[in-house]
Amino acid sequence: AAKLHVATVLEGSVRSGDDKLRIGVQLIRAADGYELWSETYDRSNQDIIAIQEDVAREIAQALKTAVDPVALAAMQRAGTRSVAAYQAFLRGLALSQQAIHDSQYGLNSDALAAFNHAIELDPEFADAYARAADLEWSLLRTSSLGSAEAKILNYADRQQSLRVDLDRASANARNASERAYYDALRAAIDLRYIDAIRLMRQYVREYPNSPSGYDY
């Protein structure tokens, strides 16, 4: 909470087996550790998006906040209505995090395949395009040029693939600030660095706790 400069923290756990999910969620007041709200969900894997919407709505109620309906709708969105696409997206996240944690960067190929599968299942899934673009971006770095993943496509083809994914992420962005993030990366790929900095500053004004925004 101190690092993020927030008054409340959402924490919890997810356990999955066969077709069942158990999700435990707690909303904690940072000042004294008081539990403002908690809930346990026993649902089918097919309910994963509905659970996210339920949690978003109940958090808003627990905080006794008058939430703008448009803002609440944005908070509820998983980015897709396809459970299969969302599960592929989550698998890609897990693989990319494992690649970083265990320094097994070969897993990035599997992560990219998972994000691309999510895109096949839902061609309007902006977050999947964005995560695929993040991995493609990493393969353009000088330190990656000799990797096995980088040899799959030549440099120019990888650049073009990244452009396509960033354009699609921008077209399906949830709001203008997220669109500015994708457009900033697109500008950087095209060596339009002044535009890239301007757009990324627009993004971090709306998302001041985004480490990737400041990093880029």
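Since the structure is predicted, the reported quantities are computational estimates derived from the model, not experimental observations.

S.K.: For the packing of aromatic side chains, give the residues involved together with the corresponding values.
M.R.: Under the defined criterion, the tally for this structure stands at 7 aromatic pairs. On the numbers, 6.4 Å between centres and 20 degrees between planes, the contact of Tyr 86 with Phe 89 is stacked. With Tyr 86 and Phe 89 both in helix α3 (residues 83–101), this residue pair falls 3 residues apart, about one helical turn. Overall, the relative accessible area of 11% leaves Tyr 86 in the buried class. For Phe 89, a relative accessible area of 8% puts it in the buried group. Ring centres of Tyr 203 and Tyr 207 lie 5.0 Å apart, and the angle between their planes is 35 degrees; on these two criteria the pair is classed as tilted. Here Tyr 203 falls in the buried class, since its relative accessible area comes to 11%. By the ring-pair criterion, three or more aromatic residues cluster together here, those being Tyr 181, Tyr 182, Tyr 203, Tyr 207 and Tyr 216.

S.K.: Summarise the packing of helix α4 (residues 107–121) against helix α5 (residues 126–138); cite the residues concerned and give the values.
M.R.: Between α4 and α5, whose axes approach to 9 Å, the crossing angle comes to 155 degrees. Classified by the angle between their axes, α4 and α5 sit roughly antiparallel to one another. Relative to α5, α4 is oriented so that their crossing is left-handed. Contact residues: α4 offers Asn 108, Ala 111, Leu 112, Phe 115, Asn 116, Ala 118 and Ile 119, while α5 offers Ala 128, Tyr 129, Arg 131, Ala 132, Leu 135 and Glu 136. Of the residues contributing to the contact of α4 with α5, the split by class is 9 nonpolar, 2 polar and 2 charged.

S.K.: Explain helix α1 (residues 48–62) residue by residue, including any values.
M.R.: End to end, α1 covers 21 Å across 15 residues, agreeing with the expected 21 Å (1.5 Å per residue, within 8%). Those residues of α1 that fall on the buried side of the exposure criterion are Ile 48, Ile 49, Ile 51, Asp 54, Val 55, Ala 56, Ile 59, Ala 60 and Ala 62. Remark: Lys 64 follows α1 within two positions and exhibits a positive phi of approximately 50 degrees.

S.K.: Hey, could you go over the sheet that holds strand β2 (residues 20–29) for me, with residue numbers and the actual values?
M.R.: Strand pairing in a sheet takes place through backbone hydrogen bonds and is either antiparallel or parallel in direction. Within the open sheet, the 3 strands sit side by side as β1-β2-β3. Their pairing is antiparallel. Across the chains shown, the open sheet's two edge strands, defined by having one partner strand only, are β1 (8–17) and β3 (35–44). Sheet twist, expressed as the mean angle between neighbouring strand axes with direction ignored, is 10 degrees. As paired strands, β2 and β3 are joined by 9 bridges and run antiparallel to one another. The partner of Leu 27 across the bridge, within β3, is Trp 37. Each of β1, β2 and β3 touches α1; the most contacted strand, β3, lies at about 165 degrees to it.

Quick notes on the rules
Residues numbered from 1 in each chain as written. Predicted model: local features only at pLDDT ≥ 70, side-chain atom pairs only at ≥ 80, totals over all residues. Heavy atoms only, no water. Phe/Tyr/Trp six-rings, centres within 6.5 Å; stacked < 30°, edge-to-face > 60°. Helix = DSSP H or I, 4+ residues; strand = E, 2+ residues; numbered from the N terminus. Buried < 20%, exposed > 50% of the residue type's maximum accessible area, 1.4 Å probe, protein only. Axes fitted to C-alpha atoms, helices over the stretch in contact; angles between N-to-C directions. Parallel < 35°, antiparallel > 145°, perpendicular 65-115°, else oblique. Left-handed = near helix turned anticlockwise from the far one by under 90°. Contact = heavy atoms within 4.5 Å. Nonpolar A, V, L, I, M, F, W, Y, C, P; charged D, E, K, R; others polar. Expected span 1.5 Å × (residues − 1). Pairing = 2+ DSSP bridges.

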